[in-house]
Amino acid sequence: MAVVLDALASYLQDMLLEMAKEEVHLLLGVPDEIKKMGMKLGDLKRFLADADKRNISDESVKSWVRELRNALYGATNILDLCQLKAMERGRSCDMGCFNPLLFCMRNPLHAHDIGNRIKSLNERLDDIEKRSKTFNFINLASYEDNTKKVESSLRARRETTGEDELGVVGEKIEEDTRNLVDLLTKKDKNVHEHKNVMVYAIVGVGGIGKTTLAKKIFNHDFIKQGFQKRIWLSVNQEFSDADLLERAITEAQGNHQAPRNTKAALERTLKEALKDCKTLLVMDDVWDHHAWVGVLKTPLLSVLAQGSCVLVTTRHDMVAKSMMAEVPYHHVKKLEQEDAWSLLKKQVVGKENNDEPKVDALKDIGTSIIAKCDGLPLAVKVIGGLLRQKNIRRSDWKNVLNDSTWSVSQMPKELNYAVYLSYQDLHPELQSCFLHYALLPKSVLFGYERIVAMWIGEGFVHGNSRDLEVLGKEYYDQLIARNLLEPDPRYVDHGVCNMHDIVRSFAQYLTRDEALVTQKSEAGPTINSIPENVIRLSLKSKESESNELEWSSLQAHISLRTLILVGETKINPGDSLSSFPCLRTLHIEDGNFDALSECLVQLKHLRYLCLDGTNTSRLPKKIAKMKFLQCIDLTNCQSLVKLPRGIGELRQLRYLSLLNSGINNIPRGFGSLTNLRILQGFPAHVEGDWCSLEELGPLNQLMRLLIHGLENVSSSSFAIKARLGEKVCLSYVYLQCTSSSGGAHRLVKQEEQQHIEKVFDELCPPPCLEILTIKGYFSQRLPRWMTLTAIVCLGSLRILCMEDLPYCTELPDGLWQLPSLEFLLIRSAPGIKRVGPEFLLPHHHEHPSAVENFGSGLKILVIRCPHLERISNLPNLQNLEISRCPKLKVLEGLPALQRLWLEDYDIETLPGYFQDVKPRHLDLDCDVLLLTSIAKGKSGPEWDKFSHIKQVKAYAADNDNNIQRKWYVKYTIDPFSFKTNFSPSADASGDETEEVLLDKVAQV
């Protein structure tokens, strides 16, 4: 069920509404058929939620669901064909200028064909609905009521208590426990007079260990000493107000004889039990903020003593936000490999036997199994339970490792339940997006723009055409907030995410009836074993000529609507795309495709086309016939040097990427693509008195724009015609000069610098801009819209990146006027000598509050600025990363700094400025010789420079064996701990020495 029936039915209803806004009753001489289809969809939708739910595990329902799904897919194809014929023969104008249904009326043969198809489809839907009665599906309202009864019995099995769990291992959980205990009990915390109770949140995906961490905190000696009363409430997804209050009274040792007939009576009893008590309330597994805001908050706030705390565990950032938890929330991280191995071993080795040596001998296989668990403690425990049922033999463990279905079919219910609860909480369209994400090959990078474009093309994101990208991004963000997707920290603004294996396996299990994700390898499944009725296929082939995928082997799969291929493909004479009449999504990456490029016009229903990194050298001359195309991604198509002129006729095109392709010019008339929202890799070039920037003028729907080659623009008057400032939807702008960035390459003349200044002066973005990147700008003066008096117009700017600026000597004036700024990147700017004054408003001594309120949560990253000397006067800066800035001598005026990261492999001693700052965390990547000095601890020369910092982690690489961060020193000030795995006598072969404990570790 890769598509959720409920969502597919809604999409189909939207198609009907979009096509039949007027004169539906006249269609094809069969006035009732379209209306009947809409009514039939409405009838079916009442119980599709139940059908979707039962399809997961009820074999008897699967064939019925499959038939209905295929019927609905057929309906989308029929309506597509009607619309396509209208577009092909209609006047050359926007869709809004003619009605596809009226066109059908005026073309009797086409009308008769479409009419017969719709009649046949309605008869099919009638039969499907009649047979649904044998399954006793329930409508949505009763479904919700019965779900509470079913899930309450399951929930009873999962109720948590405040008792510690056995088998908890790992340095990270101990570190997290210390930090959160300190946060809850520290005496100097800022408690406002009106805020006696502080709320803190632990956030993470199901199975990550939120409850385990909360239990360790709840039972910590410092917590027991610091709070008069401790209350543990397991909230879960379904709860009643009265039950929650009663359990709170019991935990608080309240009066059990008091009246409990009303909510008000329960509140009074709870208030009496906790009056003037400093209390810790742990609310575990909260799904709805109402549990706090609507039930417990009112009675508790008025009676609890100052210093009381609420600690909530939840899967959703949105819940923490609605409960007004203090930020940042504590996101639970995955287990380190050694911690996960220790936990797995504890599950396998019984207390009564001596199997540990035998298990240790299987560590190589065990660590591979752990990798499939992706650091989730719950997954590790469950897999440990599975292995405990096996013999401790290499063959048995290998069978578990190599079984492609082990993570689903052999998983106990409690693991699937953790993810399943999150899945069931999604609305149907979001369920479809979640399941679709699991189709993406795990090791291939997908930016969110591509993912949203796929969702739009598949119909998972539908509705008002103007807002589809915005809605798709909201869906993407919701999956992140629910911890079903994990942002990759290497990319700002959640641009790239990962889905861990347990969640991915669960999703692929749900899609097993119509979608397949596989990898072609020497030992892997053959293409011939793939069911012919598969709807969505995602296949990655290994890079070996002998193992190339034969394109002809795919052509039997005529029902495909989605085809994702990554890797080399062998195309023979006679191969074509005509075997895929229903295809809507085609994603080919890093493979051969040039021989099939002209055949693309055969894909009448295609919405999404990506040819990233293929050898494609041409697009079809008749590309204008591909009327439904919404996305064309030609990233890294370096053999492609020209776009067909007909591309300007693709009026539904919303996304076009030419990044790193061979295309350095675009055809005139490109500006007719007024539906474009995302345009990446747009080349600026001039032909006589025409410049490609002119074509940007009419594109007023643009939300994301990346331009390169701006050094080619011969006159600033061309830049004016781009009309960037008028594009009220534009939130992301990337401006790049690609061939004239001076520096070591060549000396840029003053005249050239002045010219590029004038061009950039006329590219002022609109006030709604949120992300701005300027790269390769080769003038000393920044554009005038970045000066002190003008930059205030960019008040929505959140992310500013300035890269490869060979001549700029100062950052933009007036950064203090950007209240939304979250991230500042400065890379390869040799003229920049200081960072900080730009954040100080003039006469700041007269307005200290303005300085104090600016930049909270700001992160600054400075990379390869060889002449940078000073970073100062940033009172609310919390996160600072510095890489390869050898002349930096001063860090001062950073009182709120929480994390400092320094990367420098040339320094021989720690910089003196470490003594001038007090970050909570220091991360250092350095040379092995400097790590040697740090590893000496109190007796070494570096001790005084870092000993005042709460947590220090220093790393060095094993360059001989190309192992990054192999050697480390880890230091914690309280409780004191100093650990390292490095010693001067370490084996040069790279074998890691046992961890050396240089000083006694104080127990928490």
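Residues numbered from 1 in each chain as written. Predicted model: local features only at pLDDT ≥ 70, side-chain atom pairs only at ≥ 80, totals over all residues. Heavy atoms only, no water.

A. Expanded view of the overall build of the chain. When you go through the chain residue by residue, the secondary structure sums to 29 helices and 35 strands. Per-residue burial for the chain yields a buried fraction of 57% across its 1004 residues. Split by element, the accessible area of the chain, about 43,200 Å² in all, is 48% carbon and sulfur. (Helix = DSSP H or I, 4+ residues; strand = E, 2+ residues; numbered from the N terminus. Buried < 20%, exposed > 50% of the residue type's maximum accessible area, 1.4 Å probe, protein only. Areas by Shrake-Rupley, 256 points an atom, 1.4 Å probe, with all protein chains shown as cover.)

B. Seen up close, the sheet that holds strand 29 (residues 890-892). Taking strand neighbours across the sheet as the criterion, the three strands line up as 25-27-29 in an open arrangement whose pairing is parallel. Both edges of this open sheet fall to strand 25 (834-835) and strand 29, since each of them pairs with a single strand only. In terms of strand pairing, strand 25 meets strand 27 (residues 870-872) through two bridges, oriented parallel. Paired with Val-835 across the bridge in strand 27 is Ile-871. (Pairing = 2+ DSSP bridges.)

C. Highlighting the sheet that holds strand 3 (residues 279-286). The five strands lie next to each other as 2-3-4-1-5, forming an open sheet whose pairing is parallel. In the strand order of this sheet, the two ends are held by strand 2 (229-236) and strand 5 (330-331), each with one partner. In terms of strand pairing, strand 1 (residues 197-203) meets strand 5 through two bridges, oriented parallel. Across the sheet, the residue bridging to Ile-202 is His-330, located in strand 5.

D. Seen up close, the confidence of the model for the chain. When the pLDDT values of the chain are averaged, the result is 83; 83% of them are 70 or greater. Here residues 22-30 is modelled with pLDDT under 50, and outside its nearest four sequence neighbours on either side it reaches 17 contacts, counting other chains as well. Confidence drops under a pLDDT of 50 for residues 740-745, and excluding neighbours within four residues, the segment shows 13 contacts in the predicted structure. (pLDDT = per-residue confidence, 0-100. Contact = heavy atoms within 4.5 Å.)

E. A look at the packing of aromatic side chains. Under the criterion given, the structure shown has 21 aromatic pairs. The interplanar angle of 55° and the centroid separation of 5.8 Å between the aromatic rings of Phe-670 and Phe-682 together place this pair among those described as tilted. Highlighted residues: Phe-670 in the loop between strand 16 (655-657) and strand 17 (678-683) and Phe-682 in strand 17, separated in sequence by 12 residues. Comparing Phe-670 with Phe-682, the two get one shared label, buried. Taken together, the ring pairs connect Trp-943, Phe-946, Tyr-971, Phe-976 and Phe-978 into an aromatic cluster. The residue whose ring lies beneath Arg-704 is Tyr-732, and the NZ or CZ to ring-centre distance is 3.8 Å. (Phe/Tyr/Trp six-rings, centres within 6.5 Å; stacked < 30°, edge-to-face > 60°. Lys NZ or Arg CZ within 6 Å of the ring centre and 35° of its normal.)

F. Local environment of the pairing of strand 34 (residues 977-980). What you see with strand 34 is no split at all: Ser-977 and Lys-979 on one side and Phe-978 and Thr-980 on the other are buried throughout. Bridge count for strand 33 (residues 963-972) against strand 34 is four bridges, and the pairing is antiparallel. The partner of Lys-970 across the bridge, within strand 34, is Lys-979.

G. Structural view of unusual backbone geometry. Geometrically, the link from Val-327 to Pro-328 is a cis peptide bond, its omega value of 0° lying close to zero. Within the fold, Pro-328 resides in the loop between helix 13 (317-322) and strand 5. For the peptide bond that leads from Asp-974 to Pro-975, omega is 0°, which places it in the cis range. You can see Pro-975 is positioned in the loop between strand 33 and strand 34. Its identity as a non-glycine residue notwithstanding, His-494 has a phi of 55°, on the positive side. With respect to the helices and strands, His-494 occurs in the loop between strand 6 (486-487) and strand 7 (497-498).

H. The arrangement of the packing of helix 14 (residues 337-348) against helix 16 (residues 363-373) in detail. Contact geometry of helix 14 with helix 16 gives a least axis separation of 10 Å together with a crossing angle of 105°. Considering their axes alone, helix 14 and helix 16 lie roughly perpendicular with respect to each other. Between helix 14, through Gln-337, Glu-338, Ala-340, Trp-341 and Leu-344, and helix 16, the contact on the second element is made entirely by Lys-363, Gly-366, Thr-367 and Ile-370. Among the residues forming the contact of helix 14 with helix 16, the class breakdown is four nonpolar, three polar and two charged. (Axes fitted to C-alpha atoms, helices over the stretch in contact; angles between N-to-C directions. Parallel < 35°, antiparallel > 145°, perpendicular 65-115°, else oblique. Nonpolar A, V, L, I, M, F, W, Y, C, P; charged D, E, K, R; others polar.)

I. Summary view of the pattern of salt bridges. In total, this model carries 45 salt bridges according to the counting rule given. For Lys-345, the salt bridge is made with Glu-356, and the minimal N-O distance between the two is 3.1 Å. With Lys-345 in helix 14 and Glu-356 in helix 15 (residues 356-360), this residue pair connects regions lying 11 residues apart in the sequence. The residue Glu-892 makes a salt bridge to Arg-870 at a minimum N-O spacing of 2.6 Å. Of this pair, Glu-892 sits in strand 29 while Arg-870 is found in strand 27, placing the two residues 22 residues apart along the sequence. Classification of Glu-892 as partly exposed rests on a relative accessible area of 37%. (Salt bridge = Lys/Arg side-chain N within 4 Å of Asp/Glu carboxyl O.)

J. View of the side chain of Glu-469. Summarising the element assignment, Glu-469 is placed in helix 23 (residues 468-481). Judged by relative accessible area, which is 10%, Glu-469 ranks as buried.

K. Region of the structure containing helix 10 (residues 241-251). Taken residue by residue, helix 10 has Leu-244, Leu-245, Ala-248 and Ile-249 as its buried positions. Buried residues along helix 10 cover an arc of 135° about the axis, so they all sit on one side. Lining the buried residues of helix 10 we find strand 2, helix 11 (263-274) and helix 12 (290-301). Looking one or two residues beyond helix 10, the residue adopting positive phi is Gln-253, at roughly 60°. (Arc of directions from axis to C-beta.)

L. Local environment of the environment of His-685. With respect to the secondary-structure elements, His-685 resides in the loop between strand 17 and strand 18 (686-687). Among the polar contacts listed, one links the side chain of His-685 to the backbone nitrogen of Ile-666, at a separation of 3.0 Å. (Polar contact = N/O pair within 3.5 Å; in protein donor to acceptor, adjacent residues only side chain to side chain.)

M. Here's a closer look at the pairing of strand 22 (residues 771-775). Burial analysis of strand 22 places four of its five residues in the buried class, which makes it a mostly covered element. Inspection of the sheet shows strand 21 (residues 732-736) paired to strand 22 by five bridges, in the parallel sense. The residue of strand 22 that forms the bridge with Leu-735 is Ile-774. In this sheet, strand 23 (residues 799-803) lies alongside strand 22 in parallel orientation, the contact comprising five bridges. Among the inter-strand pairings, Leu-772 is bridged to a residue of strand 23, identified as Leu-800.

N. Layout of the packing of helix 21 (residues 428-437) against helix 22 (residues 448-458). Contact pair helix 21 / helix 22: the axes reach a minimum separation of 11 Å and the direction vectors enclose 120°. Considering their axes alone, helix 21 and helix 22 lie oblique with respect to each other. The handedness of the crossing between helix 21 and helix 22 is right-handed. Packed against helix 21, whose contacting residues are Cys-433, His-436 and Tyr-437, the element helix 22 presents Ile-451, Met-454, Trp-455 and Glu-458 at the interface. Partitioning the contact of helix 21 with helix 22 into residue classes produces five nonpolar, one polar and one charged. (Left-handed = near helix turned anticlockwise from the far one by under 90°.)

O. Layout of helix 17 (residues 377-388). End to end, helix 17 covers 16 Å across 12 residues, agreeing with the expected 16 Å (1.5 Å per residue, within 8%). Among the 12 residues that make up helix 17, nine are buried, leaving the element largely enclosed by the rest of the structure. If you check which residues of helix 17 are buried, you get Pro-377, Ala-379, Val-380, Val-382, Ile-383, Gly-384, Gly-385, Leu-386 and Leu-387. (Expected span 1.5 Å × (residues − 1).)

P. Representation of the state of the cysteines in the model. Counted under the stated rule, the structure contains zero disulfides. Just so you know, Cys-865 is unpaired, no disulfide at all, and the nearest cysteine sulfur is the one on Cys-885, 5.0 Å from it. The buried category is assigned to Cys-865, whose relative accessible area is 1%. (Disulfide = S-S within 2.5 Å.)

Q. Fine view of the environment of Leu-676. Secondary-structure assignment places Leu-676 in the loop between strand 16 and strand 17. Judged by its relative accessible area of 0%, Leu-676 is buried. Along the primary structure Leu-676 and Gln-630 are separated by 46 residues, whereas in three dimensions their C-alpha atoms are 8.7 Å apart. Ignoring sequence-local partners within four residues, the contact set of Leu-676 consists of Leu-653, Arg-654, Tyr-655, Leu-656, Phe-670, Leu-699, Gln-701 and Leu-702.

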